[in-house]
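Chains, contacts and geometry: an overview
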Amino acid sequence: MKMNTDIEARHETSCREVGGELVSGFNIDSSMTHVEILRRRSAGPIAWRFRQQRAALFWFRRGVSSLNLRLDGAPVRARVDEGSNFALFPASMLVEGEFEVARHCDYTVVFLDVQAVAESTRLRLDRPLIAFRSAHLQNSLPLLFREANVADGLYGLFADGWAMQALAVLARIGGGDAPVEPVRRGGLAAASLDRVVDFVNADIARPFTVQALAEVAGVSPRHFLRAFQQSTGSTPLRFIQKLRIEKAKELLSRAQASATEIALDCGFSHAQHFSTAFKKATGETPSSYRRRSPG
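Please read these numbers as outputs of a predicted model, since none were measured by experiment.

A separate point is the environment of Thr13. By the element assignment, Thr13 lies in the segment before strand 1 (15-18). For the pair Thr13 and Arg51, spaced 38 residues apart in sequence, the C-alpha separation works out to 7.4 Å. If we ignore the near neighbours within four places in the chain, the residues touching Thr13 are Arg51 and Gln53.

The backbone of Asp72 sits at a positive phi, close to 50°, despite the residue not being glycine. Along the chain, the position of Asp72 falls in the loop between strand 5 (55-71) and strand 6 (74-79). Positive phi is not limited to glycine here, since Ala131 has a value of about 50°. Looking at where Ala131 falls in the secondary structure, it is placed in strand 9 (residues 129-132).

This part takes up the layout of surface pockets. The computed volume of the second largest pocket comes to approximately 540 Å³. If you list the elements that add at least two residues to the lining of the second largest pocket, you get strand 5, strand 6, strand 8 (95-112), helix 4 (190-202) and helix 7 (236-254).

Okay, the pattern of salt bridges next. For the structure on display, the rule yields 9 salt bridges. In this structure, the salt-bridge partner of Glu21 is Arg41, at a minimum N-O distance of 3.0 Å. In this pair, Glu21 is assigned in strand 2 (residues 21-29) and Arg41 in strand 3 (residues 33-41), connecting sequence segments 20 residues apart. When its relative accessible area of 40% is taken as the criterion, Glu21 is described as partly exposed. Here Arg41 falls in the partly exposed class, since its relative accessible area comes to 29%. Across the pair Lys249 and Glu246 runs a salt bridge whose closest N-O atoms are separated by 3.3 Å.

Rules used in this analysis
- Residues numbered from 1 in each chain as written.
- Predicted model: local features only at pLDDT ≥ 70, side-chain atom pairs only at ≥ 80, totals over all residues.
- Heavy atoms only, no water.
- Helix = DSSP H or I, 4+ residues; strand = E, 2+ residues; numbered from the N terminus.
- Contact = heavy atoms within 4.5 Å.
- 1 Å grid on protein atoms, 1.4 Å probe; cavity = no way out; pocket = protein on both sides within 12 Å on 5 of 7 lines; lining within 4 Å.
- Points joined across faces, edges and corners; volume = space filled by probe spheres on them.
- Salt bridge = Lys/Arg side-chain N within 4 Å of Asp/Glu carboxyl O.
- Buried < 20%, exposed > 50% of the residue type's maximum accessible area, 1.4 Å probe, protein only.

Written as structure tokens, this is what we have:
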């Protein structure tokens, strides 16, 4: 078991450049995995340049709201939420861009040795999966973390068993046999979507109408509703609710304001409305989230 910061590139074709401040990092190896549990702090988007020799599974556990990337030069933009917060990057793929974050973000990366089972299973993980969902990974990764934190002589056996199951799950998702949140193309132009998001974030406490959002995007309200859902997989109302919850998380992590003040600052009508919406979105109350926040 080792405690350290980022791994140095191991090959000439590997790179790993990550912005923000690394607050804490934990990593541990087995024969088929290298697991890192990381926390970063940043005042703005975190720049990223990444290429590794093993497939990399990312779990954006908290504080990451979107990915704006180029994958081997192809642009990809995706929203991240608690239902769709995994990403898989194949071995040797060059990933460049940034992710939008709150003040603190927690994420995990598991490097997987696909070659260990590729020949016997014909398994291939050769295409990226961005902002996808997996109930299996969501439930099994915390178990892997617990084993890592109390690692004994049997950790390697547990981790490699977990890796075999994870590889099968990822192969099925990649093949379309399991539900996946796809990389969405079409819909609103990226610049139009950016304007809408910036417009909402500029004063997230105010009420928004479809008419006003469509005007910012430069399209008709009818086209806006259809194109917005194509681009984000969500209605404008639900999307704005997610942004408000993310803003509330940020304020709970770093501010001493009361729940009522945060509710009003984030566009909720009163504290009870805020508490109900927050628990529905995150599974915990604002007060419990604040208690475990590092800020």
